[in-house]
Amino acid sequence: MNLNLTLIGQAISFAIFVWFCMKFVWPPVIAALEERSKKIADGLEAANRASRDLELAQEQAAQILRESKDNAAEIIEQANKRANQMIDEAKEQVIADGKRLREAAQAEIEQDVMRAKEALRAQVSVLAFAGAEKILGATIDEKAHSEIVEQLAKEL
Amino acid sequence: MASENPMAAEYIKHHLQNLTFGQHPDGSWGIAETSKQASDMGFWAIHLDTMGFSIGLGILFLWLFRIAAKKASVATPTGLQNFVELMVEFVDNSVKESFHGKSKVIAPLALTIFVWIFLMNLMDLVPVDFIPRIAHDIFGLEYFKIVPTTDINATLGLSLSVFFLIIFYSIKMKGIGGFAKELTLQPFNTPIMIPFNFVLEMVGLLAKPVSLALRLFGNLYAGELIFILIAILPWGVQWALSVPWAIFHILVITLQAFIFMMLTIVYLSMAHEEH
């Protein structure tokens, strides 16, 4: 238990160890620790921000969904209206067509009737001549009497 | 049993003697063969075992921590890096709690003190005869003490370094005048009381390194002595005492390293602060 040079030797080696620790051990470790704690803090903040963003996005999505539902309803309504309109238009068209066709048919029928009447009228004069011939028993001068018959036919 | 006593005393003394290198009184240099020769060498001798183990452990500490420091990154730490970061964080917190100034030296200083003293204390848990036996049988060394902190030179070397740091920071922070004022005008702030104050403050100042050194030395010396005493017992019963004592001693060596570190921080923070 003698005090001797060991004391100074210890002090010197202690000083060297402290210097080394201060120079090469402490700074990198403490820098890494600080950087990590900063990174963790940043990460937490980012997480907070992200959850806020998520909330906002959800709200937005709900809003958009609501709007698109409204839009869709509107579009359907319009389509329905349009369809009804088209049906109405088609109906009107059909009715108009029918009417036109009927009128055309009627005109044709009238024309036919007129033609038939003409034909009949012609036949009546012939028949009248034939009848008269039979009744008189003689030939009638067709040319002389046709005027009278025609007048008769016109009266028919 | 009485016949064993001289042997036991011899054994204990033998274990408490450092491996001393120095100049014999006759002028030749060499390793002391007996305790008498060692003490005759006076101040200009050196304890090879203390120096060897303390420097070896110091290098081990710095080597391990340097490896971790090189790899230190933001990524998730693993293994050694985890441990080193734990230690650094622990010391950093201790320093931040009691030291409020700004200094680049104090935190690494505290880390060095804590880990180095812990490692030196840890040597106490190696069975007392283990390494000395190897040193004796293989290297032919008569004395070998493997726990540097059971050598008063080692602890005093540490505490005197701290003492010089205290004085250095006191003068740096307060100036020579401020430091002198602190030593002479406290606790009684009158010119008449200056001599009394000075004596009182000097005692307080000098008590710091002495108490630091003696506390560590005393605890470890006593611990080792008990291990040596247990080693005298018949080999069959040694474990019954040495195991509980070793387990208890784990607490002691950690605590002593921690106390030395904390007191160093406190003393240096006192040196930084105006009273």
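All values reported here derive from a predicted model rather than from experimental measurement.

## A short note on the overall build of chain A
Part 1 of the reasoning: Counting its secondary structure elements, chain A contains two helices and zero strands.
Part 2 of the reasoning: At 61 Å, chain A has a C-alpha radius of gyration far larger than the 15 Å of a compact globule built from 156 residues.
Part 3 of the reasoning: Along the longest, intermediate and shortest principal axes, the C-alpha atoms of chain A span 195 × 25 × 20 Å.
Part 4 of the reasoning: Counting all 156 residues of chain A, 12% fall into the buried class.

## Concerning the UniProt feature "coiled-coil region" (unreviewed entry) in chain A
Part 1 of the reasoning: Mapped onto the present numbering, the UniProt feature "coiled-coil region" (unreviewed entry) falls at residues 30-96 of chain A.
Part 2 of the reasoning: With 100% helix and 0% strand, the stretch residues 30-96 of chain A has end C-alpha atoms that lie 96 Å from each other.

## Concerning the environment of L263 of chain B
Part 1 of the reasoning: Within the secondary structure layout, L263 of chain B lies in helix α9 (residues 235-272).
Part 2 of the reasoning: Here the alpha-carbon distance between L263 of chain B and K208 of chain B, two residues 55 residues apart in the chain, equals 8.9 Å.

## Remarks on the interface of chain B and chain A
Accessible area lost during the coming together of the parts is what is often quoted as the interface size.
Part 1 of the reasoning: On the side of chain A, 30 residues touch chain B, which itself brings 43 residues to the contact.
Part 2 of the reasoning: Only α2 (35-40), β3 (45-47), α3 (48-71), α4 (79-98), α5 (106-122) and α7 (152-184) of chain B provide two or more residues apiece to the side of chain B that touches chain A.
Part 3 of the reasoning: With 11 residues, α3 of chain B is the single largest residue contributor to the side of chain B that touches chain A.
Part 4 of the reasoning: Its residues assigned to classes, the side of chain B that touches chain A comprises 26 nonpolar, 10 polar and seven charged.

## A look at the nonpolar core
Nonpolar side chains in soluble globular proteins generally cluster together in the buried interior.
Part 1 of the reasoning: V29 of chain A together with A110, L111, F114, W116 and I117 of chain B are the most contacted members of the largest nonpolar core, which totals 71 residues.
Part 2 of the reasoning: Of all the secondary structure elements, the ones that give two or more residues to this core are α1 (6-136) of chain A together with β3, α3, α4, α5, α7, α8 (194-232) and α9 of chain B.
Part 3 of the reasoning: By residue number, the principal contributor to this core is α5 of chain B, which donates 13 residues.
Part 4 of the reasoning: Sequence-distant contacts of L111 of chain B, that is, excluding residues within four places in its chain, are made with C21 and W26 of chain A together with M87, V88 and V91 of chain B.

## Quick look at the sheet that holds strand β1 (residues 20-23) of chain B
Residues and elements named next belong to chain B.
Part 1 of the reasoning: Read across the open sheet, the three strands follow the order β2-β1-β3; overall the sheet is antiparallel. Here the strands that pair on one side only, and so sit at the sheet edges, are β2 (29-31) and β3. When strand polarity is set aside, the average angle formed by the axes of neighbouring strands in this sheet is 15°.
Part 2 of the reasoning: Inspection of the sheet shows β1 paired to β3 by three bridges, in the antiparallel sense. Across the sheet, residue T20 finds its bridge partner in β3, namely H47.
Part 3 of the reasoning: α3 rests against β1 and β3 of the sheet, and its axis sits at about 50° to β3.

## Digging into the packing of α4 of chain B against α5 of chain B
All names here are of chain B.
Part 1 of the reasoning: Interhelical geometry of α4 versus α5 gives an angle of 120° and a closest axis separation of 9 Å. In terms of axis orientation, α4 runs oblique to α5. Crossing of α4 over α5 shows right-handed handedness. Within the contact between the two elements, α4 uses M87, V88, V91, D92, S94 and V95 and α5 uses I106, A107, A110, L111, F114 and V115.
Part 2 of the reasoning: In terms of residue class, the contact of α4 with α5 is made up of 10 nonpolar, one polar and one charged.

## Considerations on the UniProt feature "transmembrane region" (unreviewed entry) in chain B
Residues and elements named next belong to chain B.
Part 1 of the reasoning: Taking the numbering used here, the UniProt-annotated feature "transmembrane region" (unreviewed entry) corresponds to residues 44-65, 105-123, 152-171, 216-237 and 243-268.
Part 2 of the reasoning: Helix makes up 89% of residues 105-123 and strand 0%, with an end-to-end C-alpha separation of 27 Å.
Part 3 of the reasoning: Span residues 152-171 is 100% helix and 0% strand, its end C-alpha atoms 28 Å apart.

## Things to note about the UniProt feature "transmembrane region" (unreviewed entry) in chain A
Part 1 of the reasoning: In this numbering, the UniProt entry assigns the feature "transmembrane region" (unreviewed entry) to residues 12-33 of chain A.
Part 2 of the reasoning: The annotated region residues 12-33 of chain A carries 100% helix and 0% strand content, and the separation between its end C-alpha atoms amounts to 30 Å.

## Some words on the confidence of the model for chain B
Part 1 of the reasoning: For chain B, per-residue confidence averages 87 on the pLDDT scale, and residues scoring 70 or more make up 97% of the total.
Part 2 of the reasoning: Ranking the elements of chain B by mean pLDDT puts helix α1 (residues 4-15) of chain B last, at 77, and α5 of chain B first, at 94.

Quick notes on the rules
Residues numbered from 1 in each chain as written. Chains lettered and ligands numbered in written order. Predicted model: local features only at pLDDT ≥ 70, side-chain atom pairs only at ≥ 80, totals over all residues. Helix = DSSP H or I, 4+ residues; strand = E, 2+ residues; numbered from the N terminus. Rg over C-alpha atoms; globule rule 2.2 N^0.38 Å. Buried ≥ 20, exposed ≤ 12 C-beta atoms within 10 Å, placed from the backbone. UniProt positions renumbered as here; feature names shortened; annotations may be inferred. Contact = placed C-beta atoms within 7 Å. Nonpolar A, V, L, I, M, F, W, Y, C, P; charged D, E, K, R; others polar. Core = buried A, V, L, I, M, F, W, Y, C linked by C-beta atoms within 7 Å. Pairing = 2+ DSSP bridges. Axes fitted to C-alpha atoms, helices over the stretch in contact; angles between N-to-C directions. Parallel < 35°, antiparallel > 145°, perpendicular 65-115°, else oblique. Left-handed = near helix turned anticlockwise from the far one by under 90°. pLDDT = per-residue confidence, 0-100.

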